[in-house]
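Observations on the three-dimensional arrangement
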Amino acid sequence: MDYFSNLLQRYPELAVFLAIGLGYWVGGFKFRGVGFGPVTGSLLAGLLIGYFVRVPVSDTAKQVLFLLFMFGIGYSVGPSFFRGMKDGGWRWAVLGVVVPVAGLLTAWGLAALLKLELGYAVGLISGGLTESPVIGTGSEAIRHLPISVEEQDRLIGQIAVADALCYIFGTFGVIWFCSSLGPKLLGLDLKAEGARLEKVYGIQRQKAGVTSAWRRFELRAYRIQADGPAVGQSVAWVESLYAPERIFVERIRRDGAIFLPTPATALLAGDVCAVSGKSEVILKLLDANAVAEADRELLDIPSAMFDVVFSNADFVGKTVAQIAEQAEEVRGVFLRHIRRAGQEIPIGPGTVLLRGDVLNIVGLEPAVERVAARVGSVVRESDSTDFVALGFGIFVGAVVGISLVFPIGSMHIALGSSVSTLILGLLVGWRNSAKPLFGRISHGALEFMKSIGLAGFVAMIGLKAGPLFVAALQEVGLTIFLAGIVVTMVPLFVGLLVGRYVLRLEPLLLLGALAGVQTMTAGLAAVQEKSESPIAVIGYSGTVAFGHILITTWGTVIVWLMY
């Protein structure tokens with residue numbers, strides 16, 4: 001044991017990686033869907049190691065990791081955050097503000113009522129509202145207070161203790177409220193409501209784990225018969241004949257020659273047409289009424305599948321069905337997936353497309369290129385990261401936060417490098433959604449920044465707070481735990497009432513939105529499981545960005561309010 005302690009004291013970086021490894025391992029365990037998660041697991045592992053071994057922790061290393069995380073989280077939620085404020089999502093935006101504000105006021109009121117010290121108040125927010133980045137913003141704000149370094153360390157140690165205690169119920173509380181208590185209060189049958197909303201949105205449900213054995217989209221060749229109804233008719237007429245199903249004549253072989261038709265091209269007897277569309281539609285409408293041909297040369301057409309960031313104002317706010325009706329605008333292209341705020345959105349005729357959605361479209365290459373340029377910007381997968389934008393972004397954000405000082409009473413308090421870095425990451429991510437070549441950060445790099453950045457930071461917080469953990473636990477353990485329950489539940493009740501009876505949101509989408517504004521993906525998963533429908537993700541994606549941004553800044557705000 002002495003050898004192990006000396007090893008960690010001489011090489012403190014080993015203690016950090018040990019805490020991260022243990023944290024991810026412990027965080028992976030779940031009981032009925034509830035677990036600590038890797039971040040809280042890393043904090044607990046750091047507290048445990050720090051209790052037995054006094055590990056020296058570098059404040060510089062800790063801040064480097066946290067700034068990486070803050071820029072990464074801002075970058076990832078930037079598009080959905082601004083979309084929620086601009087593109088008709090005002091009700092989600094209102095809910096996304098109301099719930100975090102209710103959480104802040106609840107924590108502030110309880111801290112004043114119970115006469116809790118500043119560090120415990122910050123931990124109430126981070127654990128009770130399940131947003132661990134609050135640990136970082138609150139710690140930085142405490143570092144700017146005109147008190148001794150020893151006092152700063154003591155208060156920051158309190159944050160880790162309170163966060164660990166409150167997170168236990170915070171996770172369970174959100175899952176339980178969104179999937180069980182909330183539906184009971186609304187008198188909601190989750191399964192029936194899920195089926196109803198899917199019908200409203202035109203989403204066809206499939207059994208879990210069951211997929212079609214055929215390809216979703218197909219290109220086939222058919223010969224025009226002399227007595228067929230298409231003889232002498234234009235391509236546009238033939239395509240409209242099968243509306244609202246979308247079938248397209250892509251190429252024609254006539255007298256041995258292959259050419260690209262226009263909508264006005266008339267079809268002649270003996271023409272062989274390459275027709276694209278959904279497999280089930282072609283099988284149902286054409287195979288029974290036309291003669292298929294095996295014409296490899298005619299069908300040898302380059303196809304493409306692109307991810308496109310949806311941004312064109314002419315289409316934003318319209319449903320999938322409304323956009324599909326604009327035949328010439330989106331001719332020859334089919335929609336496979338929609339991702340919003342990192343979550344896949346169910347597709348149906350009634351699904352509304354919003355700015356910043358990532359659309360996965362497929363079709364023949366010329367059509368996909370044309371439509372992609374019309375509706376937004378193509379996202380070309382790349383492993384490269386613009387480290388110029390990353391480095392200067394964090395530098396500029398931190399400098400602005402340090403320089404921007406607000407007079408509060410007799411004090412002058414800086415905004416803080418972490419909060420301003422978050423905001424700058426938000427702006428860069430938003431700009432990248434419109435111009436993908438600007439400030440490009442690869443998916444892998446972004447996930448590394450968010451995952452290791454936060455886990456490493458809280459692990460070091462735990463290592464430093466470890467020696468204080470047991471004493472603080474004995475002093476205020478039960479009080480903090482009970483206060484954390486209140487901080488978790490009050491905002492959820494407020495959000496449920498405001499969302500249903502003031503904003504008139506669909507109840508099932510509202511439950512998903514409450515999980516989103518509490519940034520609890522496990523809460524969304526519980527709602528989806530009990531409703532047997534993925535549709536609650538629409539509400540989740542509308543509020544999760546507001547939860548990440550606002551609650552994270554509460555670490556700074558609560559310090560301002562209480563000091």
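Attention in this report is confined to the structure presented alongside it. (Residues numbered from 1 in each chain as written. Predicted model: local features only at pLDDT ≥ 70, side-chain atom pairs only at ≥ 80, totals over all residues. Heavy atoms only, no water.)

Observations concerning helix H3 (residues 37-52)
What counts here: Secondary structure elements are taken from DSSP: a helix is a run of H or I of four residues or more, a strand is a run of E of two residues or more, and numbering for both begins at the N terminus. Between the first and last residue of a helix there are one fewer steps than residues, each counted as 1.5 Å, and that sum is the expected span. Each residue is placed in one exposure class: buried if its accessible area under a 1.4 Å probe, protein chains only, is under 20% of its type's maximum, exposed if it is over 50%, and partly exposed if it falls in between. Whether two residues are in contact is decided by their heavy atoms: any pair within 4.5 Å suffices.
Spanning 16 residues, H3 covers 23 Å between terminal C-alpha atoms, matching the ideal 22 Å at 1.5 Å per step. Along H3, the residues that are buried comprise Gly37, Val39, Thr40, Gly41, Ser42, Leu43, Ala45, Gly46, Leu47, Ile49 and Gly50. Buried residues belonging to H3 abut helix H1 (2-10), helix H2 (12-27), helix H7 (133-143), helix H8 (149-186) and helix H17 (443-502).

Some remarks on the environment of Thr552
Note the threshold: Any pair of N or O atoms that falls within 3.5 Å is considered a polar contact. Within protein, one atom must be able to donate a hydrogen and the other to accept it, and sequence-neighbouring residues count only if both atoms are side-chain atoms.
By the element assignment, Thr552 lies in helix H20 (residues 537-562). With 420 residues separating them in the primary sequence, Thr552 and Ser132 have C-alpha atoms 7.9 Å apart. Contact partners of Thr552, with chain neighbours within four places excluded, come to Met70, Glu131, Pro133, Val134, Thr137, Leu422 and Gly547. Separated by 3.1 Å, the side chains of Thr552 and Glu131 make a polar contact.

Focus on the packing of H8 against helix H19 (residues 521-531)
Basically, it comes down to this: Where helices are involved, their axes are fitted lines through C-alpha atoms of the stretch in contact, as for all axes, and angles between N-to-C directions lie from 0 to 180°. Small angles under 35 degrees read as roughly parallel and large ones over 145 as roughly antiparallel, with 65 to 115 read as roughly perpendicular and the rest as oblique. Crossings are sorted by hand: turned counterclockwise from the far helix by less than a right angle, the near helix makes the crossing left-handed, and turned clockwise it makes it right-handed.
Between H8 and H19, the least distance of the axes is 8 Å, while the angle of their chain directions is 25°. Taken as axis vectors, H8 and H19 run roughly parallel relative to one another. Crossing handedness for the pair H8 and H19: right-handed. On the side of H8, the interface is formed by Ile175, Cys178, Ser179 and Ser180, while H19 contributes Ala522, Gly523, Ala526, Val527 and Lys530.

Quick notes on the pattern of salt bridges
The condition that has to hold: One speaks of a salt bridge when a side-chain nitrogen belonging to Lys or Arg is within 4 Å of a carboxyl oxygen belonging to Asp or Glu.
Under the counting rule described, the total for this entry stands at 16 salt bridges. The partner of Asp153 in a salt bridge is Arg143, and the shortest N-O contact between them spans 2.7 Å. Of the two residues, Asp153 sits in helix H8 while Arg143 sits in helix H7, which places them 10 residues apart along the sequence. Arg143 sits in the partly exposed class, given a relative accessible area of 26%. Two residues, Asp153 and Lys464, come together in a salt bridge whose shortest N-O distance is 3.8 Å. Of this pair, Asp153 sits in helix H8 while Lys464 sits in helix H17, placing them 311 residues apart in sequence. What makes Lys464 partly exposed here is its relative accessible area of 32%. Salt bridges sharing common partners tie together Asp59, Lys62, Arg143, Asp153 and Lys464.

A few points about the nonpolar core
Put simply, the test is: Residues grouped as a nonpolar core are buried Ala, Val, Leu, Ile, Met, Phe, Trp, Tyr and Cys residues, joined through side-chain atoms within 4.5 Å.
Judged by nonpolar contacts, the single largest core of 59 residues is most densely connected at Leu95, Phe310, Ile361 and Leu514. The greatest single-element share of this core, amounting to 8 residues, is contributed by helix H18 (residues 507-517). Setting aside residues no more than four positions away along its own chain, Ile361 makes contact with Ala304, Met305, Phe306, Val308, Val333, Phe334, Leu335, Val368, Val371 and Ala372. Counting 54 residues, the second-largest nonpolar core is a separate cluster that includes Phe66, Ile142, Val476 and Ala545.

With respect to the packing of H7 against H8
We count it as follows: All amino acids are sorted into three groups, where Ala, Val, Leu, Ile, Met, Phe, Trp, Tyr, Cys and Pro are nonpolar, Asp, Glu, Lys and Arg are charged, and the leftover types, Gly among them, are polar.
Between H7 and H8, whose axes approach to 9 Å, the crossing angle comes to 160°. Viewed along their axes, H7 and H8 adopt a mutual orientation that is roughly antiparallel. Judged by the sense of rotation from one axis to the other, the crossing of H7 with H8 is right-handed. Judged by residue contacts, Ile135, Gly138, Ser139, Ile142 and Arg143 of H7 engage Val149, Gln152, Asp153, Leu155, Ile156, Ile159 and Asp163 from H8. Considered class by class, the residues forming the contact of H7 with H8 number 6 nonpolar, 3 polar and 3 charged.

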